[in-house]
Amino acid sequence: MRSIFFALGLLLSTVGLSAQIVRDAVSWTRSVEDKSPTEKVLVFTAQVKGEWHLYGTDLPKGGPTPTHLLVDKISGAELVGGLVASQKPIEKFDPNFEMTLRFYSGKVSFRQKIRITDPNKFALVGAVRYMVCNDEQCLPPTNFEFTIQPKELGKLGESVPAAQTTTETAETPAGAPALGEAQPSDSLPAVAEATTSVATDSAQTAVSDLWAPVIPELKAYGDKALNQADGSLWMLLLGGFLGGLVALVTPCVWPMIPMTVSFFLKRTSDRKKSIRDALIYGLGIIVIYVSLGLIVSAIFGPATLNDLATNAYFNVAFFLLLVIFAISFFGAFELVLPSSWTTKMDQKADSASGFISIFFMAFTLALVSFSCTGPIIGTLLVQAATSSTGILAPAVGMLGFALALALPFTLFAIFPNLLQSMPKSGGWMNSVKVVLAFIELALALKFLSIADLAYGWRILDREVFLSLWIVIFILLGLYLLGKIRFPHDSPQEKTPIPALFLAIVSFSFAVYMMPGLVGAPLRAISAFAPPLRTQDLNLYNGEVHAKFDDYDAGMAYARQVGKPVVIDFSGYGCVNCRKMEASVWIDPNVKSLLENDYVLITLMVDEKTPLKEPIEVQENGETVKLRTVGDKWSYFQRMKFGANAQPFYVLLDHEGKPLGPSRAYDEDVPAYIKFLKAGLSEFEQRK
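Now for a quick tour of the structure. (Residues numbered from 1 in each chain as written. Predicted model: local features only at pLDDT ≥ 70, side-chain atom pairs only at ≥ 80, totals over all residues. Heavy atoms only, no water.)

### Structural notes on the sheet that holds strand β7 (residues 99–104)
Taken in spatial order, the four strands line up as β6-β7-β3-β10 in an open sheet, and their pairing is antiparallel. The sheet is open, and its two edges are formed by β6 (90–94) and β10 (132–133), each paired on a single side. As defined by bridge partners, β6 adjoins β7 across five bridges and the pair is classed as antiparallel. The residue of β7 that forms the bridge with Ile 90 is Phe 103. (Pairing = 2+ DSSP bridges. Helix = DSSP H or I, 4+ residues; strand = E, 2+ residues; numbered from the N terminus.)

In structure tokens, the structure reads:
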């Protein structure tokens, strides 16, 4: 019991996750193995924490940044081959990047062989460049800097013939940005709060104020994006609670409420004791279901739960599982546990005494009601396991479910007179099961869609997916009106008023999805439907494109035209950025504001175009090298705004000062419009 409450406490503490800078997703160490006087091996060991994963060394183009070696200076030695990982990577389809990727979790080492050519001239300076993601966000590409000293190499051999020596700078390994080539002219302006070793000219100094940190100003606005709580676990708790309320009105559970409460009230003449026993009974239900969630987490572990979200095999299995649940709820068969299990629990309850007896009674309820609650629990566990809310997600979902299930037993025990007002059992409860069956079918298609994308079957493109959902919800509406009947349904001469309203909702939802067949974005189901790129017929042309992808150039243009600026920190692999663009920016009012009243500057933090020269900056007491345009914008976001998650939106005046709080991922269109209009009002006041 104590461990469960500890787990719940840990759960509540994790809900306070914020959008602030994540600095400890990976920790690195390095060492040098002495193979021979002329052969050495550099070993870079990464400890990937929590649910983050580190991408491998060989990735397809257009995806995240692979782990690779950057060499700033090498002399007296040459590289032999490339980085080689110590273990086989996990390989699976990633819907965020829409491609099959290879990555590592936990601890992994990368080995790089070098051959010593001239011990007297040895020097090696570089970095391991890497990128990490979890199911919610990707951090910008980052470098682990290193300098290998000659004393680390152990025993050194004699110089080898000059023909085998290398030039001062080694050839850049495959996949790494080439240094010293003709590249865009990029540098950082001098900023008092952020020391940089790069010399700046007068033009750069002139714009230094534009780069000055504004973190205190954002916090003064009560900035929510810098301290945005992650409500995913709370939503999962709420979802579990709603699932428990649905389970209450199924034929397996509803009739047991008055029977069980009456048993406790008649068990003793002491009403206080009977209420205490009922409370313990409710607590026993909570313990049983939360334990089930913890067992699921313990069996699979955090890494496996993280993999389930995109693993094709698991998603096909989940699809089949939900279809079986739906068929069961339609009345084709019942999912029933062996009767011997229930009998044994009854015997335990009879033979035991005190609290243990009450606990076994709660266990009996869980077994007896399985035919109705099993599909609901199964669906909840699948959703929790494949969510991005952490290892405690299944336990959180089960906590919500158990709270709802235990609530009436304890409530009616305290207020027994309420039992008389309970609706009687009847055919309406079977209707609840059938409605759930339709919903199970719709959810099942979500998992099949992920597998379809993984294997490239193209059997469930967006228009096929939407067509199936439209048909499912039309059939649901017809069922609610009594036009479709199943084996266990009672005859229905008249349509109940609640069923009529639910049918209207179902039909309306089906009509809402129909424009999606020709490319409408359908914001309400963007998290479920396949991406728009899988649709053959797409008549949509309402996308918003940034005018600038360079901060200083965009700010200069904004001063010229007299408009405020929207800075959009984005990334090619940022799925939430695409969601914002597809669900918020397409709104006509938002689109008009962004294109007519603001200068929109989009800065891609994973842009791989190399800078003309690496830039060294001091950050948190360490020297950090910026080698790509993405590095530059990622550093700019951290230094000026104190954040590194994307998407990240901030409104600025011509001096680089914020016009209000920043904004992160939130598909609330009215709130985004209010955010933009408030910035315009503040800009006008500062003129």
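That was the structure; now back to the text.
### Some words on the packing of helix α14 (residues 462–480) against helix α15 (residues 497–513)
Contact pair α14 / α15: the axes reach a minimum separation of 8 Å and the direction vectors enclose 160°. Considering the angle they form, α14 stands roughly antiparallel to α15. When the axes of α14 and α15 are compared, the crossing they make is left-handed. Facing Leu 466, Trp 469, Ile 470, Phe 473, Ile 474, Leu 476, Gly 477, Leu 478 and Leu 480 of α14, the residues of α15 in contact are Ala 499, Leu 502, Ala 503, Ser 506, Phe 507, Phe 509, Ala 510 and Met 513. (Axes fitted to C-alpha atoms, helices over the stretch in contact; angles between N-to-C directions. Parallel < 35°, antiparallel > 145°, perpendicular 65-115°, else oblique. Left-handed = near helix turned anticlockwise from the far one by under 90°. Contact = heavy atoms within 4.5 Å.)

### Section: the pattern of salt bridges
Side-chain pairing between opposite charges can occur once the charged atoms of the two side chains come close. All chains considered together, the criterion is met by 17 salt bridges. Here Glu 33 makes a salt bridge to Lys 35, at a shortest N to O gap of 3.6 Å. Residue classification places Lys 35 among the partly exposed positions, given a relative accessible area of 49%. The network of salt bridges with common partners includes Asp 72, Glu 145, Glu 616, Lys 625 and Arg 627. (Salt bridge = Lys/Arg side-chain N within 4 Å of Asp/Glu carboxyl O. Buried < 20%, exposed > 50% of the residue type's maximum accessible area, 1.4 Å probe, protein only.)

### Examining the environment of Gly 660
Among the structural elements, Gly 660 can be located in the loop between β16 (648–652) and α20 (669–686). In this structure Gly 660 comes out as buried when scored by relative accessible area, which is 8%. For the pair formed by Gly 660 and Glu 682, sequence separation is 22 residues and the distance between their alpha carbons is 7.8 Å. Discounting chain neighbours no more than four positions away, the residues touching Gly 660 are Leu 218 and Tyr 221.

Remember that the coordinates give geometry; whether it matters functionally is a separate question.
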